[in-house]
Amino acid sequence: FFDERTLDGDVTTDFDGVDDQITTTYATRRNLCRNPSAEVDTAQWQTTAGFRINSGATLPREASAYGHGSYNFKVVTSGAADREGIDMVTVPVVAGTTYVMSAYIDTGGESWMMFAGDGTVGWTSAACTSSGMARKTLTFTPTGSGNTGFAFSAIGGAVVSTARICYVMIEAVSAVGT
């Protein structure tokens, strides 16, 4: 009565009642970001001068119109310095493990970057400029173990700019789901 069923090319079951099992290629995801959205508050994120950012930005919660939760972070730079933005510090990382940071971000077409790392474990960056909410990713492999920071900042000089950010994921590649 039933034919063999597949999921992404993998046999999931033949429904013969003898050895039925369902297998998938999906992985359990563990988000290392302690506050991936602004659903409750903006805790764990800061706008003071620190990892790859200068102070001057504000970080209010904003009712989201993007469909990625009820609220998002709204980062507004004052234009007083280059690289104003937000960062989240003290995320533990392991040397040689690759991490992926992703977030949905709308910069209104203004130039923004996302950063990962610090002075002791190396750092990397990726452009995250977008007009309209778009998922942006950054891959990072630290050279040392310890705590690291992740940040978003406006670039291109001292500019007044606004970015809306939501659903930040930071996960080890071995645990990245699909």
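Heads up: these notes are all about the structure in this document. (Residues numbered from 1 in each chain as written. Predicted model: local features only at pLDDT ≥ 70, side-chain atom pairs only at ≥ 80, totals over all residues. Heavy atoms only, no water.)

Looking now at the sheet that holds strand 6 (residues 99–106). By definition, the strands of a sheet pair up through backbone hydrogen bonds, in either a parallel or an antiparallel sense. The five strands are arranged 3-4-11-6-9 in an open sheet whose pairing can be described as antiparallel. Each edge of the open sheet is held by one strand with a lone partner, namely strand 3 (61–63) and strand 9 (134–140). Taken over all neighbouring pairs, the strand axes of this sheet differ in orientation by 40° on average, direction set aside. Where strand 3 meets strand 4 (residues 71–76), three bridges bridge the pair, whose relative direction is antiparallel. Counterpart to A63 in the pairing with strand 4 is Y71. (Pairing = 2+ DSSP bridges. Helix = DSSP H or I, 4+ residues; strand = E, 2+ residues; numbered from the N terminus. Axes fitted to C-alpha atoms, helices over the stretch in contact; angles between N-to-C directions.)

The final tally for this structure, using the stated rule, is two salt bridges. We note a salt bridge from K74 to E62, for which the minimum N-O separation is 3.7 Å. Taken together, the residues span a long stretch of sequence, with K74 in strand 4 and E62 in strand 3 at a distance of twelve residues. Take K74: its relative accessible area is 23%, and that puts it in the partly exposed class. We classify E62 as buried; its relative accessible area is 18%. One salt bridge in this structure joins R164 and E62, with 2.7 Å as the shortest N-O distance. Highlighted residues: R164 in strand 11 (residues 162–172) and E62 in strand 3, separated in sequence by 102 residues. Connected via shared salt-bridge partners are E62, K74 and R164. (Salt bridge = Lys/Arg side-chain N within 4 Å of Asp/Glu carboxyl O. Buried < 20%, exposed > 50% of the residue type's maximum accessible area, 1.4 Å probe, protein only.)

Here we come to the side chain of S153. With respect to the helices and strands, S153 occurs in strand 10 (residues 146–154). Setting aside chain neighbours within four positions, we find S153 in contact with R52, I53, R83, E84, G85, S111, W112, M113 and F115. (Contact = heavy atoms within 4.5 Å.)

Below, the discussion takes up the environment of T42. Its location among the elements puts T42 in the loop between strand 2 (10–13) and strand 3. Distance in space between the C-alpha atoms of T42 and L59 is 7.4 Å, their sequence separation being 17 residues. Apart from the residues within four sequence positions on either side, T42 is in contact with N35, L59, R61 and F73.

A separate point is the pairing of strand 11. The element strand 11 is largely enclosed, with a buried count of eight among its eleven residues. Pairing geometry for strand 4 and strand 11, over four bridges, is antiparallel. Bridging across to strand 11, K74 finds its partner in R164. The pairing of strand 6 with strand 11 spans seven bridges and is classified as antiparallel. Directly across from Y99, in strand 11, lies its bridge partner A172.

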